[in-house]
Amino acid sequence: MALTSRAVVMPGDGTWELREFPVPAPPPGGGVLRVEAVGMCHSDVDHLHGIVHTPWGGAYPSIPGHEIVGRIHALTDEARARWGVVEGQRVAVRESVPLPDGTRVYGHDYGIDERSGLFGGYADYMELLPETLMEPLPDDVSAEELTLWEPLAIAVRWATAVRPGDSVAILGPGHLGLASIVAARAAGAERIFITGTAADALRLDAARKLGVEEAIDISTTDPVERVRELTGDGVAVVIDAASGSTATVTQGMKMARRGGTVVIGGLKDRKPVEGFISDMIPMRQLHLHAGFPGDHVKTAVELIRQGKIPTADLLGEVVTLDTVGDGLALLAREQVDRDAIRVSLKLTE
C-alpha cells in the first residue's frame, strides 16, 4: 500500500481543510522528511487569511508550517553526501530555500499543485528540495520543544545589537518576545524588561519566570515612564517584538537612551506608524536596526544543545492534526478564557 500523508491545506480565504497526499520518492538531489513537530506562528494565521510576508509572495492553496523539526525518511545519494545526514536523523529544516530566481519559503511559497505539494510542516511528511538547508538537532529534547529553534534564531539575530552589560527592553511578550529574553541574556544583557497588555497576563508571568527584572503591564502603567524610572535615561537596546501593533515603534524610540538602538522586529501588517517623528532619530542619535532576516540557526541550535535555553519552560500548548483548529484559534487569540505562550503541532509519536 502506498504511503500517504495527512496535511492541513489553506486556500487563503480564512478556511482550511485536512487532506491526504501520496508521499513521494525523494526528488533528484533531495529527500523526504517525516515531520515530528512544527511550531505554529502568527504568520500562519496571516497565511490562512491570504496575507503573505515573504518576498516571493506566497502560493495558494498550500500547506503552512515553517518552524520544522523532523527525521530524514528517505534520501538520494547526492543529498546524503551534500547534507551530511542519514536516514532517521533528526534535523531542523530551514524555511528559506535559496534558488537562482529568488528565495522561496516552505510553508508559504509552494502550492499543493507543485510537485508533491508537501512543502509545509503541517503535514506528516514533507518533500525536501535539493537546495534545502538544515541543521542536525539533539535527540534528548522533545521535538515539540525543539521547534523553538526557529523563533530563537530570529531572536538571536535581534539580540546582535546587545552588548555585555546592556540594559534591554523587549516590547511584546509573544513567542518571539519570550525567545528574545533568552537571546538577550545569552548576548550578555544585564537588565531585561518586557512589556505587554492585561490580555498578556500568562505571557508576562512566563517572562517573570525567565528572570526579567520587571514585566510591565501597559494597561495600567506607562511603559516609557516606567522604564525611564527604572533606568534613569532609558535602555541601551529596545527590541520591538510586537506583531501588528505600531504603537511600540514610537514607544521604543522614547524608551531608548540617547545613542541607543531600536530593533524593529515584529511585523506590523504594513500599517503606517501614527505619531512617528523622524527628528527623534538625529536629535537623540538613535540607531534603528532591521530585525529581518533571522538566519542565526547554527547559534540557536548550539545554545539549545548546550542546555542554555529553557525549552520546557517555553513549550506552551501542543496540538495534533486532529485538534489543529484549537491551535489556530489560540494563535489568533480567539479563545476568550484560554491563552498560550507558544503553540506547536505534534505530528508523530
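Structure shown above.
Residues numbered from 1 in each chain as written. Predicted model: local features only at pLDDT ≥ 70, side-chain atom pairs only at ≥ 80, totals over all residues. Heavy atoms only, no water.

**Student:** Pulling in residues and values, what's your account of the overall build of the protein chain?
**Tutor:** Within the protein chain one finds eleven helices and 17 strands. When its C-alpha atoms are laid out on the principal axes, the protein chain stretches across 70 × 40 × 40 Å. When the 349 residues of the protein chain are sorted by exposure, 56% land in the buried category. Restricting the contact set of the protein chain to residue pairs at least 6 apart, pairs at least 24 apart contribute 72%. Accessible area of the protein chain: about 14600 Å², with a carbon and sulfur share of 51%. Treating the 33 positive side-chain charges of the protein chain as one cloud and the 49 negative ones as another, the clouds have centres 5 Å apart. (Helix = DSSP H or I, 4+ residues; strand = E, 2+ residues; numbered from the N terminus. Buried < 20%, exposed > 50% of the residue type's maximum accessible area, 1.4 Å probe, protein only. Contact = heavy atoms within 4.5 Å. Areas by Shrake-Rupley, 256 points an atom, 1.4 Å probe, with all protein chains shown as cover. Lys, Arg positive; Asp, Glu negative; His and termini not counted. Charge placed at Lys NZ, Arg CZ, Asp CG, Glu CD.)

**Student:** Can you tell me about helix α11 (residues 324–331), naming the residues and giving the values?
**Tutor:** Among the eight residues that make up α11, six are buried, leaving the element largely enclosed by the rest of the structure. The inward-facing, buried residues of α11 abut β1 (4–9), β3 (31–40), α1 (42–48), β16 (317–319) and β17 (343–346). Just beyond α11, the residue with positive phi is R333, at close to 60°.

**Student:** Hey, could you go over the pattern of salt bridges for me, with residue numbers and the actual values?
**Tutor:** Here the structure, examined in full by the defined rule, presents 24 salt bridges. Taking the shortest distance from any N to any O, the salt bridge between R342 and E67 comes out at 3.6 Å. One end of the pair, R342, is in the loop between α11 and β17; the other, E67, is in strand β4 (residues 67–75), with 275 residues separating them in the sequence. Judged on exposure class, the residue R342 and its partner E67 are both buried. Put simply, R71 and D139 hold a salt bridge, and the shortest N to O gap is 3.0 Å. A residue pair is termed long-range when its members are at least 10 positions apart, and R71 in strand β4 and D139 in the loop between β9 (134–136) and α3 (143–146) qualify at 68 residues. Among the residues examined, D139 registers a relative accessible area of 56% and is labelled exposed. Residues joined in a network through salt bridges with shared partners are E36, R71, R90 and D139. (Salt bridge = Lys/Arg side-chain N within 4 Å of Asp/Glu carboxyl O.)

**Student:** Any details on the sheet that holds strand β15 (residues 287–290)? Residues and values, ideally.
**Tutor:** Taken together, the six strands give an open sheet; going across it, the order is β12-β11-β10-β13-β14-β15, and neighbouring strands pair in parallel fashion. Strand pairing shows two members of the sheet lacking a second neighbour, β12 (214–217) and β15, which therefore form its edges. Strand-to-strand twist in this sheet, taken as the mean axis angle between neighbours without regard to direction, amounts to 20°. Bridge analysis of strand β14 (residues 256–264) against β15 gives four bridges, and the strand direction is parallel. Across the sheet, V262 pairs through a bridge with L288, a residue of β15. (Pairing = 2+ DSSP bridges. Axes fitted to C-alpha atoms, helices over the stretch in contact; angles between N-to-C directions.)

**Student:** Kindly report on the nonpolar core, identifying the contributing residues and their values.
**Tutor:** Ranked by size, the top nonpolar core spans 49 residues in total, and within it L152, L178, I181 and I194 carry the most contacts. Elements represented by at least two residues in this core include exactly α3, α4 (149–158), β10 (167–171), α5 (175–186), β11 (191–196), α6 (201–209), β13 (235–240) and α10 (297–305). By size, the runner-up hydrophobic cluster in this structure holds 42 residues, among which are I63, I68, V85 and L321. (Core = buried A, V, L, I, M, F, W, Y, C linked by side-chain atoms within 4.5 Å.)

**Student:** Report on the packing of α4 against α10, specifying residues and quantitative values.
**Tutor:** Axes are the key here: two packed helices are described by the angle between their axes and the distance separating the axes. In the contact formed by α4 and α10, the axes pass within 8 Å of each other and the chain directions differ by 115°. For α4 against α10, the interelement crossing comes out right-handed. Two secondary-structure elements touch here, α4 through W149, L152, A153 and V156 and α10 through V297, T299, A300, V301, L303 and I304. (Left-handed = near helix turned anticlockwise from the far one by under 90°.)

**Student:** Talk me through the side chain of H175; I want residue IDs and the actual numbers.
**Tutor:** As for its position among the elements, H175 is in helix α5. On the basis of relative accessibility, which here comes to 15%, the residue H175 falls in the buried class.

**Student:** Talk me through the packing of helix α7 (residues 223–231) against helix α8 (residues 247–255); I want residue IDs and the actual numbers.
**Tutor:** The N-to-C vectors of α7 and α8 enclose an angle of 20°; their axes lie 9 Å apart at closest approach. Between α7 and α8, the angle falls in the class roughly parallel. Of the two elements, α7 crosses α8, and the hand of that crossing is right-handed. Facing α7, whose interface residues are P223, V224, V227 and R228, α8 presents Q251, K254 and M255. Class assignment for the residues of the contact of α7 with α8 results in four nonpolar, one polar and two charged. (Parallel < 35°, antiparallel > 145°, perpendicular 65-115°, else oblique. Nonpolar A, V, L, I, M, F, W, Y, C, P; charged D, E, K, R; others polar.)

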